Amino acid sequence: MSKWVRNAASSATGQCVELSVTAGGAVAVRDSRDPHGPALVYTKTEIATFVASAKTGEFDWLIA
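Fair warning: this is a prediction, and the values are worked out from it, not measured in the lab.

**Q** Explain the packing of aromatic side chains to me, and be specific about the residues and the numbers.
**A** Within this structure, the stated rule accounts for one aromatic pair. A centroid spacing of 5.2 Å and a plane angle of 25° characterise the contact between Phe50 and Phe59, whose relative ring orientation is stacked. For Phe50, a relative accessible area of 46% puts it in the partly exposed group. The ring of Trp4 is capped by Arg30, whose NZ or CZ atom sits 3.9 Å from the centre of that ring.

**Q** Tell me what's going on with the pairing of strand S1 (residues 17–21), and back it up with residues and numbers.
**A** Across the two faces of S1 the burial differs, with Glu18 and Ser20 buried and Val17, Leu19 and Val21 not buried at all. In this structure, S1 lies alongside strand S2 (residues 27–31), joined through five bridges in antiparallel fashion. Counted as the bridge partner of Leu19 is Val29 from S2. Connecting S1 to the antiparallel partner S2 that follows it, the hairpin turn spans five residues, and Gly25 within it adopts a positive phi of roughly 95°.

**Q** Let's hear about the environment of Ser32: which residues, and what values?
**A** Summarising the element assignment, Ser32 is placed in the loop between S2 and strand S3 (40–42). Taking the C-alpha atoms as reference, Ser32 lies 5.2 Å from Val17; in sequence the two are 15 residues apart.

**Q** How would you summarise the pairing of S2 if you had to cite specific residues and measurements?
**A** Of all five residues making up S2, four are buried, and the element is well covered by its neighbours. In terms of strand pairing, S2 meets S3 through three bridges, oriented antiparallel. Across the sheet, residue Ala28 finds its bridge partner in S3, namely Val41.

**Q** Before we move on, can you summarise the confidence of the model for the protein with the specific residues and values?
**A** Considering every residue of the protein, the mean pLDDT works out to 91; 98% of them sit at 70 or more. Least confident of the elements in the protein is S1, whose mean pLDDT is 94; most confident is S3, at 98.

**Q** Any chance you could break down the environment of Thr13 for me, citing the residues and the numbers?
**A** Here Thr13 is to be found in the segment before S1. C-alpha of Thr13 to C-alpha of Arg33: the two residues are 20 residues apart in sequence and 8.7 Å apart in space.

What counts as what
- Residues numbered from 1 in each chain as written.
- Predicted model: local features only at pLDDT ≥ 70, side-chain atom pairs only at ≥ 80, totals over all residues.
- Heavy atoms only, no water.
- Phe/Tyr/Trp six-rings, centres within 6.5 Å; stacked < 30°, edge-to-face > 60°.
- Buried < 20%, exposed > 50% of the residue type's maximum accessible area, 1.4 Å probe, protein only.
- Lys NZ or Arg CZ within 6 Å of the ring centre and 35° of its normal.
- Helix = DSSP H or I, 4+ residues; strand = E, 2+ residues; numbered from the N terminus.
- Pairing = 2+ DSSP bridges.
- pLDDT = per-residue confidence, 0-100.

Here is the structure:
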């Protein structure tokens, strides 16, 4: 797995998610507060679909 990264807007208390690319090209997502815990793994197509939907505001209701 490549290096785990988080976005620049993450809180100083570590309340964010981290992402990494697996050797097979999938994208792993984990809770930064539990780096040894489980990770969810998605295909690049699944991540691209999620990001595109988030950009359109489809998930804004989750934080309203």
